[in-house]
Amino acid sequence: MEKVRLNKYLSTQGVCSRREADRYIEAGKVTINGRVACMGEKVAGTEEILFDGKPVSGAEEEKIVLAMNKPAGIVCSSKEKDNIIDYMKYPKRIYPVGRLDKDSTGLILLTNDGELMNEILKARNYHEKEYEVRVRERITADFIRGMSEGVWLSELGVKTRPCKVKKVDAYTFRIILTQGLNRQIRRMCAYFNFRVVTLKRIRIMNIQLGDLKEGEWREIKGRELKELRGGIAHE
């Protein structure tokens, strides 16, 4: 049987993304046949593999992709209280694709398809994510232009990529990002002394939030799922 790298195997089994797998392996939380796994080693899938003390099944699970409208107050990290996995109580093991901060609402994808998760999260793929943001201050042309040209975030030591920004009304704008820096939009607004009142993600690639109510989710399938996978395949 052909062997594959351990991080890819864990990703294929829907345990987590490759990046997360590397972190767990490095922390000594993955074992193979009773011994601590090493970074970069390969497995056939017939071994006894434990991830954070729990067995990883060698049988590939049916792939599930969900779109959820995350309410405010829910975190995306499964290691924290009030997290999205506990909130949903979904009957199968799934993980959020990226994050929305606790105060933000809107679209987040969840899946057990680690490879799909891995490809969506790669910043170099320039996948679009669209947000609707309401701020406390009146929006100006200078603000729209400054946001769209990219902002130097000194606390992160990086300048944001140029992006599309459109004014909706006096206090609301929409912004399309192709990267996912920590609290990026809030930090960008703060640079111009604008304070975010509400922040909602309304689109990830071809997946639209639509009229999905807060706290509810739906399965992505059929043509919509095919287009999502197709968008990744052509990167």
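## Comments concerning the packing of aromatic side chains
What the rule picks out here adds up to five aromatic pairs. Consider the rings of phenylalanine 143 and phenylalanine 194, whose centres lie 4.1 Å apart with planes at 15 degrees: the pair is stacked. With phenylalanine 143 in helix H5 (residues 141-149) and phenylalanine 194 in the loop between helix H6 (184-191) and strand S15 (196-204), this residue pair connects regions lying 51 residues apart in the sequence. Take phenylalanine 143 and phenylalanine 194: they sit in the same class, and that class is buried.

## A closer look at empty space enclosed by the protein
Following the criterion strictly, the structure yields one cavity of 30 Å³ or more and no others. Looking at the largest cavity, its volume works out to about 30 Å³. Forming the boundary of the largest cavity are Arg5, Leu6, Asn7, Asp22, Ile25, Gly40 and Glu41. Among the secondary structure elements, those contributing two or more residues to the lining of the largest cavity are helix H1 (6-12) and helix H2 (18-26). Of the residues belonging to the lining of the largest cavity, the class tally is two nonpolar, two polar and three charged.

## Quick notes on helix H4 (residues 114-121)
Among all positions of H4, only Gly114, Leu116, Met117, Asn118 and Ile120 are buried. Between the side-chain oxygen at the start of H4 and the backbone nitrogen of leucine 116 there is a gap of 3.1 Å, and the oxygen is on aspartate 113.

## Structural notes on the pairing of strand S7 (residues 65-70)
Of all six residues in S7, six are buried, a share of seventy percent or more. Where S7 lies against strand S17 (residues 217-219), three bridges are found, and the strand directions are antiparallel. Looking across to S17, one finds that alanine 67 is bridged to arginine 218.

## Examining the sheet that holds strand S3 (residues 35-36)
With antiparallel pairing, four strands are arranged side by side in an open sheet as S3-S2-S5-S6. Here the strands that pair on one side only, and so sit at the sheet edges, are S3 and strand S6 (54-55).

## Considerations on the packing of H2 against H4
Put simply, H2 and H4 touch, their axes get as near as 8 Å, and they point 105 degrees apart. What the angle tells us is that H2 and H4 run roughly perpendicular. Between H2 and H4, the residues in contact are Arg18, Arg19 and Glu20 and Glu115, Met117, Asn118 and Leu121, respectively. The class makeup of the residues in the contact of H2 with H4 is two nonpolar, one polar and four charged.

## Considering unusual backbone geometry
The backbone of aspartate 52 shows a phi angle near 55 degrees, a positive value even though the residue is not glycine. Structurally, aspartate 52 can be placed in the loop between strand S5 (49-51) and S6. You can call aspartate 52 partly exposed: its relative accessible area is 43%. Phi at aspartate 82 takes a positive value of approximately 55 degrees, unusual for a residue other than glycine. Relative to the helices and strands, aspartate 82 resides in the loop between S7 and helix H3 (84-88).

## Remarks on a positive patch on the surface
Taken together, the side chains of Arg19, Arg23, Lys29, Lys79 and Arg99 present a region of like positive charge at the surface. Its place among the elements puts arginine 99 in the loop between strand S8 (95-96) and strand S9 (105-111). Accessibility expressed as a relative area gives 61% for arginine 99, which makes it exposed.

## Things to note about H2
Along H2, the residues classified as buried are Ala21, Tyr24 and Ile25. On an axial view of H2, the arc spanned by its buried residues comes to 100 degrees, and they lie on one face. Among the structural elements, H1, strand S2 (30-32) and S5 are those in contact with the buried residues of H2. Remark: glycine 28 follows H2 within two positions and exhibits a positive phi of approximately 75 degrees.

Cut-off values and rules
Residues numbered from 1 in each chain as written. Predicted model: local features only at pLDDT ≥ 70, side-chain atom pairs only at ≥ 80, totals over all residues. Heavy atoms only, no water. Phe/Tyr/Trp six-rings, centres within 6.5 Å; stacked < 30°, edge-to-face > 60°. Helix = DSSP H or I, 4+ residues; strand = E, 2+ residues; numbered from the N terminus. Buried < 20%, exposed > 50% of the residue type's maximum accessible area, 1.4 Å probe, protein only. 1 Å grid on protein atoms, 1.4 Å probe; cavity = no way out; pocket = protein on both sides within 12 Å on 5 of 7 lines; lining within 4 Å. Points joined across faces, edges and corners; volume = space filled by probe spheres on them. Nonpolar A, V, L, I, M, F, W, Y, C, P; charged D, E, K, R; others polar. Polar contact = N/O pair within 3.5 Å; in protein donor to acceptor, adjacent residues only side chain to side chain. Pairing = 2+ DSSP bridges. Axes fitted to C-alpha atoms, helices over the stretch in contact; angles between N-to-C directions. Parallel < 35°, antiparallel > 145°, perpendicular 65-115°, else oblique. Contact = heavy atoms within 4.5 Å. Patch = residues over 30% accessible without salt bridge, like charges linked within 9 Å, V, L, I, M, F, W, Y side chains within 5 Å. Areas by Shrake-Rupley, 256 points an atom, 1.4 Å probe, with all protein chains shown as cover. Salt bridge = Lys/Arg side-chain N within 4 Å of Asp/Glu carboxyl O. Lys, Arg positive; Asp, Glu negative; His and termini not counted. Charge placed at Lys NZ, Arg CZ, Asp CG, Glu CD. Arc of directions from axis to C-beta.

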